[in-house]
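# Reading the structure
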Amino acid sequence: MEHSRRAHRTNRRVFSAVCGLVVALLALSLLSWTTVDGDGAATDTVSERAEPVGGDDKPGQPPGPTAQAPTGQLALPGREVPDRPTGRLALVDNPVYDTGRLSPLPCPVPELDVDDPGSMADFLHLVADCLDDVWKTQFDRAGLPFSPPDRVFWEEPGVSPCRAYPSPAGAFYCRASGAIYIGTTDVVEKWNGSEDSVVYASLLAHEYAHHVQGESGLLEYYHQQRQLEDDDEGRNSWTRRGELQANCLSAAFLGSVRVSYPLSDSDLSTLLDDASATADRPDGPEEDRTHGSADNSVRWTRTGWDEQSAGACNTWAVEDEALVE
């Protein structure tokens, strides 16, 4: 009632201004529902992302075999979005590889109480803030656009465009929404209640690395080529390179913040043990060989930690297949 009385007292000039503001807000609202896909075409984010899609087509898990992952760049009038690398160039000679060592701001993390979901969420958000900063810097150096991923740190079940959650992995990246999904209690259960914060920071940085792959233009070509393979062996050869690269990029970030975090030699040992534990089992079936052997998982993780650069993580240019098996 009070709002109505005020409106009646409003003169015509103010009323016109208000109407103009409403129209502008509505226009901006409509723009915010639109993204640009890999070919520069507008994509309706609601109609294409309404239903979850099964499967575990990592890294990035696109919504379907023919779907194109959105870049996350808004189609704003007058704004030119630089092209990302495409094709094989995006894999083996990506500009991000030439950006040198990661240069993060200090990243002191809070003490983590793994039994408190709120503490876990605060911890993940702070580490994600640091990841946003360091990768934005690298993409700026490469002259490529970069939009940080959205974050969904769940306590209750939900649905992403890629899959429903909780999920057996406890965490995943969905390129269709450009978001990282992590269960604040699920990951603690999956890691048997580990109180070593580095395992959760590594998990987050690994899923973030898939976003880096997507923003660099790498994932689009990766999925196109992977889908051309006729069997599990061929498809998994692509998946392993993607996952080992994510291990390396994750460790590159952790190595770059090890002073301010801080991380010790003991934390590095924990990180390497985790890389071994989450690798493929040597006696597992071919369809499960998607993350690389224990030796290779440790090798690429250690390389990232030591070198602290994206260029050191170029698993796609490695000719020795034994290093990416």
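Heads up: these notes are all about the structure in this document. (Residues numbered from 1 in each chain as written. Predicted model: local features only at pLDDT ≥ 70, side-chain atom pairs only at ≥ 80, totals over all residues. Heavy atoms only, no water.)

### Notes on the state of the cysteines
What the rule picks out here adds up to 3 disulfides. Two residues, C162 and C174, share a disulfide whose sulfurs are 2.1 Å apart. Between C162 and C174 the disulfide shows an S-S torsion of about 80°. By sign, it is right-handed. Remark: C174 occurs in strand β6 (residues 171–174) and C162 occurs in the loop between β4 (158–159) and β5 (164–165); sequence separation between them is 12 residues. Note on C174: relative accessible area 0%, which makes it buried. Residue C248 pairs covalently with C313 via a disulfide, S to S 2.1 Å. Between C248 and C313, the disulfide has an S-S torsion of -75° and is therefore left-handed. (Disulfide = S-S within 2.5 Å. Helix = DSSP H or I, 4+ residues; strand = E, 2+ residues; numbered from the N terminus. Buried < 20%, exposed > 50% of the residue type's maximum accessible area, 1.4 Å probe, protein only.)

### Considering the pattern of salt bridges
Scanning all chains against the criterion turns up 10 salt bridges. Notably, a salt bridge pairs E286 with R240, separated by 4.0 Å at the nearest N-O pair. You can see E286 sitting in the loop between α9 (265–277) and α10 (294–307) and its partner R240 sitting in helix α8 (residues 232–256), a full 46 residues away along the chain. A residue is classified by how much of its surface remains accessible, and R240, at 6% relative accessible area, is buried. Among the charged side chains, a salt-bridge network with shared partners connects R84, R175 and E215. (Salt bridge = Lys/Arg side-chain N within 4 Å of Asp/Glu carboxyl O.)

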